[in-house]
Amino acid sequence: MMIEKGLRKAIDAEEFTLVYQPQLDLKNNVVIGAEALLRWNSEEFGMVPPSEFIPVAEEVGLINQIGEWVLLTACKQCKEWNIEGRDPIKIAVNISMKQFLEGDFVYKVSRILDETQLNPTYLELEITEKIAMTNHEKVIEIIESLKSLGVRIAIDDFGTGYSSLNYLGKIPIDVLKIDRSLVKNISLNNKNATIVQSIISVTKKLQIDVIAVGIETKEELQYLKNMDCYTGQGYFISKPKEHPFS
Ligand code: G
Ligand code: G
Ligand code: MN
Ligand code: NA
(Lines give C-alpha, C1' and ligand atoms only; values in the text may rest on other atoms or scores of the structure.)
(Ligands and ions follow the chains in the order given, each with its own letter.)
Protein backbone atom coordinates (compact mmCIF):
# COMPACT_ATOMS: atom_id res chain seq x y z
CA MET A 1 0.00 0.00 0.00
CA MET A 2 2.23 2.72 -1.37
CA ILE A 3 0.10 5.70 -0.53
CA GLU A 4 -0.64 4.75 3.08
CA LYS A 5 2.43 6.50 4.46
CA GLY A 6 1.63 9.64 2.52
CA LEU A 7 -1.95 9.58 3.74
CA ARG A 8 -0.85 9.30 7.36
CA LYS A 9 0.84 12.68 7.23
CA ALA A 10 -1.49 14.40 4.78
CA ILE A 11 -3.61 16.22 7.36
CA ASP A 12 -0.67 17.63 9.27
CA ALA A 13 1.12 18.53 6.04
CA GLU A 14 -2.03 20.41 4.96
CA GLU A 15 -2.23 18.47 1.73
CA PHE A 16 -6.00 18.11 1.80
CA THR A 17 -8.36 20.72 0.44
CA LEU A 18 -12.06 20.82 -0.21
CA VAL A 19 -13.69 21.98 -3.40
CA TYR A 20 -17.37 22.80 -3.58
CA GLN A 21 -19.83 21.93 -6.31
CA PRO A 22 -22.87 24.21 -6.38
CA GLN A 23 -26.39 22.81 -6.15
CA LEU A 24 -28.88 24.85 -8.07
CA ASP A 25 -32.55 25.59 -7.60
CA LEU A 26 -33.42 24.94 -11.25
CA LYS A 27 -36.66 26.88 -11.12
CA ASN A 28 -35.24 30.11 -9.74
CA ASN A 29 -31.69 29.64 -10.93
CA VAL A 30 -30.09 30.27 -7.53
CA VAL A 31 -27.43 28.35 -5.64
CA ILE A 32 -29.01 26.73 -2.61
CA GLY A 33 -26.18 24.48 -1.51
CA ALA A 34 -22.83 22.95 -2.30
CA GLU A 35 -21.30 19.51 -2.06
CA ALA A 36 -17.88 19.39 -0.42
CA LEU A 37 -15.44 17.18 -2.31
CA LEU A 38 -12.09 16.17 -0.92
CA ARG A 39 -8.88 16.69 -2.88
CA TRP A 40 -5.45 15.38 -1.96
CA ASN A 41 -2.38 17.03 -3.41
CA SER A 42 0.35 14.74 -2.18
CA GLU A 43 3.95 15.87 -2.06
CA GLU A 44 5.02 12.44 -3.30
CA PHE A 45 2.21 11.38 -5.62
CA GLY A 46 0.70 14.61 -6.88
CA MET A 47 -3.08 14.84 -7.16
CA VAL A 48 -4.60 11.57 -6.04
CA PRO A 49 -8.34 11.16 -6.73
CA PRO A 50 -10.63 10.25 -3.82
CA SER A 51 -11.68 7.10 -5.64
CA GLU A 52 -8.10 5.92 -5.05
CA PHE A 53 -7.26 7.14 -1.58
CA ILE A 54 -10.60 6.84 0.23
CA PRO A 55 -10.72 3.05 -0.05
CA VAL A 56 -7.13 2.97 1.28
CA ALA A 57 -8.02 5.31 4.12
CA GLU A 58 -10.92 3.02 5.01
CA GLU A 59 -8.74 -0.04 4.91
CA VAL A 60 -5.93 1.29 7.08
CA GLY A 61 -8.18 2.99 9.61
CA LEU A 62 -7.56 6.61 8.62
CA ILE A 63 -11.02 7.43 7.32
CA ASN A 64 -12.40 8.60 10.65
CA GLN A 65 -9.66 11.13 11.13
CA ILE A 66 -9.84 12.33 7.53
CA GLY A 67 -13.63 12.38 7.60
CA GLU A 68 -13.57 14.47 10.74
CA TRP A 69 -11.26 16.97 9.08
CA VAL A 70 -13.63 17.15 6.10
CA LEU A 71 -16.68 17.72 8.30
CA LEU A 72 -15.03 20.37 10.41
CA THR A 73 -13.60 22.21 7.41
CA ALA A 74 -16.87 22.06 5.47
CA CYS A 75 -18.97 23.28 8.42
CA LYS A 76 -16.55 26.14 9.14
CA GLN A 77 -16.65 27.18 5.51
CA CYS A 78 -20.44 27.04 5.30
CA LYS A 79 -20.77 29.08 8.46
CA GLU A 80 -18.51 31.73 6.90
CA TRP A 81 -20.53 31.87 3.69
CA ASN A 82 -23.73 32.13 5.66
CA ILE A 83 -22.62 35.15 7.63
CA GLU A 84 -21.61 37.01 4.51
CA GLY A 85 -25.08 38.47 4.20
CA ARG A 86 -26.52 36.55 1.29
CA ASP A 87 -29.19 33.87 1.49
CA PRO A 88 -27.77 30.95 3.47
CA ILE A 89 -26.85 27.76 1.63
CA LYS A 90 -26.46 24.22 2.87
CA ILE A 91 -23.32 22.13 2.76
CA ALA A 92 -23.44 18.47 1.72
CA VAL A 93 -20.69 16.18 3.01
CA ASN A 94 -19.95 12.63 1.84
CA ILE A 95 -19.70 10.14 4.68
CA SER A 96 -18.06 6.77 4.21
CA MET A 97 -19.62 3.62 5.59
CA LYS A 98 -16.90 2.99 8.19
CA GLN A 99 -17.09 6.57 9.42
CA PHE A 100 -20.86 6.44 9.67
CA LEU A 101 -20.89 3.20 11.62
CA GLU A 102 -18.15 4.24 14.01
CA GLY A 103 -19.44 4.36 17.58
CA ASP A 104 -18.97 8.06 18.21
CA PHE A 105 -19.95 9.48 14.82
CA VAL A 106 -23.08 11.22 16.10
CA TYR A 107 -21.14 12.70 18.98
CA LYS A 108 -18.46 13.99 16.61
CA VAL A 109 -21.05 15.64 14.40
CA SER A 110 -22.66 17.35 17.37
CA ARG A 111 -19.27 18.53 18.62
CA ILE A 112 -18.40 20.00 15.23
CA LEU A 113 -21.75 21.78 15.06
CA ASP A 114 -21.07 23.22 18.50
CA GLU A 115 -17.58 24.28 17.59
CA THR A 116 -18.51 25.92 14.29
CA GLN A 117 -21.90 27.23 15.39
CA LEU A 118 -23.35 26.17 12.05
CA ASN A 119 -27.12 25.87 12.09
CA PRO A 120 -27.62 22.06 11.80
CA THR A 121 -30.31 22.42 9.13
CA TYR A 122 -27.57 23.60 6.78
CA LEU A 123 -25.59 20.39 7.17
CA GLU A 124 -26.54 17.51 4.90
CA LEU A 125 -24.79 14.18 5.33
CA GLU A 126 -24.61 12.02 2.22
CA ILE A 127 -24.59 8.31 2.73
CA THR A 128 -24.61 5.81 -0.09
CA GLU A 129 -27.36 3.37 -0.90
CA LYS A 130 -25.05 0.64 0.18
CA ILE A 131 -24.79 1.98 3.74
CA ALA A 132 -28.52 2.37 3.87
CA MET A 133 -29.05 -1.23 2.81
CA THR A 134 -26.62 -2.89 5.19
CA ASN A 135 -26.92 -2.95 8.98
CA HIS A 136 -30.45 -1.77 8.58
CA GLU A 137 -31.48 -1.42 12.24
CA LYS A 138 -28.24 0.20 13.31
CA VAL A 139 -28.33 2.62 10.39
CA ILE A 140 -31.87 3.73 11.19
CA GLU A 141 -30.84 4.29 14.80
CA ILE A 142 -27.88 6.46 13.75
CA ILE A 143 -30.00 8.40 11.27
CA GLU A 144 -32.61 9.08 13.96
CA SER A 145 -29.92 10.39 16.30
CA LEU A 146 -28.47 12.61 13.60
CA LYS A 147 -31.91 13.93 12.73
CA SER A 148 -32.55 14.77 16.34
CA LEU A 149 -29.48 17.02 16.10
CA GLY A 150 -31.29 18.77 13.25
CA VAL A 151 -28.98 17.51 10.52
CA ARG A 152 -30.34 16.41 7.14
CA ILE A 153 -29.64 13.03 5.59
CA ALA A 154 -29.24 12.37 1.87
CA ILE A 155 -28.98 9.10 -0.02
CA ASP A 156 -26.21 9.42 -2.61
CA ASP A 157 -25.88 7.50 -5.87
CA PHE A 158 -29.52 6.45 -5.86
CA GLY A 159 -30.08 4.17 -8.82
CA THR A 160 -26.64 2.59 -9.04
CA GLY A 161 -26.99 -0.77 -7.43
CA TYR A 162 -29.26 -1.92 -4.73
CA SER A 163 -31.84 0.80 -5.20
CA SER A 164 -35.18 -0.06 -3.89
CA LEU A 165 -38.11 2.26 -3.59
CA ASN A 166 -39.16 -0.01 -0.78
CA TYR A 167 -36.61 1.25 1.69
CA LEU A 168 -37.47 4.89 1.08
CA GLY A 169 -40.52 4.32 3.21
CA LYS A 170 -38.47 2.74 5.96
CA ILE A 171 -35.43 4.95 6.23
CA PRO A 172 -36.12 8.49 7.44
CA ILE A 173 -34.12 10.39 4.82
CA ASP A 174 -34.58 14.00 3.77
CA VAL A 175 -32.98 14.02 0.34
CA LEU A 176 -32.44 11.58 -2.48
CA LYS A 177 -29.68 12.17 -5.01
CA ILE A 178 -30.53 10.64 -8.37
CA ASP A 179 -27.35 9.13 -9.76
CA ARG A 180 -25.78 10.51 -12.90
CA SER A 181 -26.17 7.17 -14.69
CA LEU A 182 -29.93 7.83 -14.73
CA VAL A 183 -29.51 11.50 -15.66
CA LYS A 184 -27.18 10.93 -18.59
CA ASN A 185 -29.02 11.51 -21.88
CA ILE A 186 -32.30 11.53 -20.05
CA SER A 187 -34.00 13.42 -22.88
CA LEU A 188 -33.12 10.59 -25.28
CA ASN A 189 -33.46 7.60 -23.00
CA ASN A 190 -37.12 6.76 -22.44
CA LYS A 191 -36.45 4.06 -19.91
CA ASN A 192 -34.27 6.23 -17.69
CA ALA A 193 -36.76 9.06 -18.04
CA THR A 194 -39.55 6.78 -16.84
CA ILE A 195 -37.49 5.61 -13.87
CA VAL A 196 -36.56 9.16 -12.91
CA GLN A 197 -40.15 10.31 -13.27
CA SER A 198 -41.32 7.59 -10.92
CA ILE A 199 -38.59 8.39 -8.39
CA ILE A 200 -39.68 12.02 -8.48
CA SER A 201 -43.35 11.23 -7.92
CA VAL A 202 -42.71 8.72 -5.13
CA THR A 203 -40.37 11.06 -3.27
CA LYS A 204 -42.83 13.91 -3.62
CA LYS A 205 -45.48 11.82 -1.89
CA LEU A 206 -43.03 10.81 0.83
CA GLN A 207 -41.92 14.43 1.24
CA ILE A 208 -38.35 13.62 0.36
CA ASP A 209 -36.40 16.22 -1.62
CA VAL A 210 -34.81 15.15 -4.86
CA ILE A 211 -31.63 16.34 -6.51
CA ALA A 212 -30.43 15.19 -9.91
CA VAL A 213 -26.66 14.95 -10.18
CA GLY A 214 -24.26 14.70 -13.08
CA ILE A 215 -26.18 17.14 -15.28
CA GLU A 216 -23.83 17.69 -18.20
CA THR A 217 -26.01 19.26 -20.88
CA LYS A 218 -28.63 21.92 -21.35
CA GLU A 219 -31.01 19.27 -22.69
CA GLU A 220 -30.69 17.18 -19.54
CA LEU A 221 -31.29 20.22 -17.35
CA GLN A 222 -34.35 21.34 -19.28
CA TYR A 223 -35.81 17.86 -19.33
CA LEU A 224 -35.41 17.46 -15.57
CA LYS A 225 -36.94 20.85 -14.96
CA ASN A 226 -39.95 19.85 -17.04
CA MET A 227 -40.26 16.75 -14.87
CA ASP A 228 -40.60 18.93 -11.77
CA CYS A 229 -37.12 18.06 -10.56
CA TYR A 230 -36.23 21.37 -9.03
CA THR A 231 -32.70 20.83 -7.75
CA GLY A 232 -29.66 19.91 -9.79
CA GLN A 233 -25.92 19.55 -9.73
CA GLY A 234 -23.44 18.80 -12.48
CA TYR A 235 -20.72 20.04 -14.80
CA PHE A 236 -23.23 21.91 -16.97
CA ILE A 237 -24.13 24.04 -13.97
CA SER A 238 -20.66 24.19 -12.49
CA LYS A 239 -17.61 22.08 -11.79
CA PRO A 240 -16.48 21.78 -8.19
CA LYS A 241 -14.57 24.93 -7.27
CA GLU A 242 -13.13 26.87 -4.37
CA HIS A 243 -16.15 29.05 -3.88
CA PRO A 244 -19.65 27.99 -4.97
CA PHE A 245 -20.81 31.55 -5.68
CA SER A 246 -17.95 32.67 -7.91
O1 G B 1 -14.84 14.39 -6.25
P2 G B 1 -14.86 13.16 -7.09
O3 G B 1 -15.81 13.06 -8.26
O4 G B 1 -13.52 12.77 -7.56
O5 G B 1 -15.34 12.01 -6.08
C6 G B 1 -15.17 10.69 -6.34
C7 G B 1 -15.82 9.90 -5.21
O8 G B 1 -15.21 10.24 -3.96
C9 G B 1 -17.31 10.20 -5.08
O10 G B 1 -17.97 8.97 -4.87
C11 G B 1 -17.38 11.05 -3.85
O12 G B 1 -18.58 10.81 -3.15
C13 G B 1 -16.19 10.57 -3.03
N14 G B 1 -15.74 11.63 -2.12
C15 G B 1 -15.36 12.89 -2.42
N16 G B 1 -15.05 13.58 -1.31
C17 G B 1 -15.28 12.73 -0.26
C18 G B 1 -15.18 12.85 1.15
O19 G B 1 -14.85 13.91 1.72
N20 G B 1 -15.48 11.75 1.90
C21 G B 1 -15.88 10.57 1.34
N22 G B 1 -16.16 9.54 2.14
N23 G B 1 -16.01 10.43 0.00
C24 G B 1 -15.72 11.49 -0.79
O1 G C 1 -20.69 9.96 -5.72
P2 G C 1 -20.77 11.46 -5.61
O3 G C 1 -22.03 12.02 -6.17
O4 G C 1 -20.45 11.98 -4.24
O5 G C 1 -19.64 11.95 -6.58
C6 G C 1 -19.30 13.27 -6.70
C7 G C 1 -18.34 13.36 -7.85
O8 G C 1 -19.03 13.47 -9.10
C9 G C 1 -17.47 14.57 -7.72
O10 G C 1 -16.16 14.16 -7.58
C11 G C 1 -17.60 15.31 -9.01
O12 G C 1 -16.34 15.67 -9.54
C13 G C 1 -18.29 14.33 -9.93
N14 G C 1 -19.20 15.06 -10.80
C15 G C 1 -19.88 16.18 -10.49
N16 G C 1 -20.63 16.61 -11.53
C17 G C 1 -20.42 15.73 -12.52
C18 G C 1 -20.91 15.65 -13.87
O19 G C 1 -21.71 16.45 -14.35
N20 G C 1 -20.46 14.59 -14.59
C21 G C 1 -19.61 13.66 -14.10
N22 G C 1 -19.23 12.67 -14.90
N23 G C 1 -19.12 13.72 -12.86
C24 G C 1 -19.52 14.75 -12.06
MN1 MN D 1 -21.88 12.79 -3.04
NA1 NA E 1 -20.48 8.60 -4.01
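Everything here concerns the structure above.
So, here is what we can say about the structure in this document. Bear in mind that the values here come from a model prediction, so they are computed numbers and not experimental data. (Residues numbered from 1 in each chain as written. Chains lettered and ligands numbered in written order. Predicted model: local features only at pLDDT ≥ 70, side-chain atom pairs only at ≥ 80, totals over all residues.)

**Some thoughts on the site of ligand 1**
Quick note on the threshold: For each residue, a C-beta atom is placed from the backbone, and the residue counts as near a molecule or strand when that atom lies within 6 Å of it. Put simply, DSSP H or I for four residues or longer makes a helix, DSSP E for two residues or longer makes a strand, and each gets a number counted from the N terminus. Any residue outside Ala, Val, Leu, Ile, Met, Phe, Trp, Tyr, Cys, Pro, Asp, Glu, Lys and Arg is labelled polar, Gly included; the first ten of those are nonpolar and the last four are charged.
What surrounds ligand 1 is the set Leu37, Leu38, Pro49, Pro50, Ser51, Ile54, Val70, Asn94, Ile95 and Ser96. Going through the elements one at a time, strand E2 (30-42) and helix H2 (50-59) are the ones with two or more residues in the shell around ligand 1. When residues in the shell around ligand 1 are grouped by element, the largest group, three residues, is from H2. Its residues assigned to classes, the shell around ligand 1 shows seven nonpolar, three polar and no charged.

**A few points about the site of ligand 2**
Of all residues adjacent to ligand 2, which total 13 residues, the nearest are Leu37, Gly214, Glu216, Gly234 and Tyr235. The residue inventory of the shell around ligand 2, partitioned by class, reads five nonpolar, four polar and four charged.

**Focus on the pairing of E2**
Here is the key point about a regular strand: its side chains alternate between the two faces of the sheet. We apply this condition: Following DSSP output, two strands are said to pair if at least two bridges run between them.
In this sheet, E2 lies alongside strand E1 (residues 16-25) in antiparallel orientation, the contact comprising ten bridges. Looking at the pairing, Leu24 lines up with Val31 of E2. Turn length for the E1-E2 hairpin, with the two strands adjacent in sequence and antiparallel, is four residues, and the turn residue Asn29 shows positive phi of about 60 degrees. Pairing between E2 and strand E4 (residues 90-94): four bridges, direction parallel. For Ala36, the partnering residue across the bridge sits in E4 and is Val93. With three bridges connecting them, E2 and strand E3 (residues 46-48) associate as antiparallel partners. Each bridged residue has a counterpart across the sheet, and for Asn41 the counterpart in E3 is Met47. Between E2 and E3, which pair antiparallel in sequence order, lie three residues.

**Here we look at the pairing of E4**
For the record, the criterion: Between the buried cut of 20 or more and the exposed cut of 12 or fewer other C-beta atoms within 10 Å of a residue's own C-beta lies the partly exposed class, and all C-beta atoms are placed from the backbone.
Of all five residues making up E4, five are buried, and the element is well covered by its neighbours. Covered by surrounding structure in E4 are Lys90, Ala92 and Asn94 together with Ile91 and Val93, the residues of both alternating faces. Of the pairings in the sheet, the one linking E4 to strand E5 (residues 123-128) comprises four bridges and is parallel in character. Considered in E5, the bridge of Ile91 is made with Leu123.

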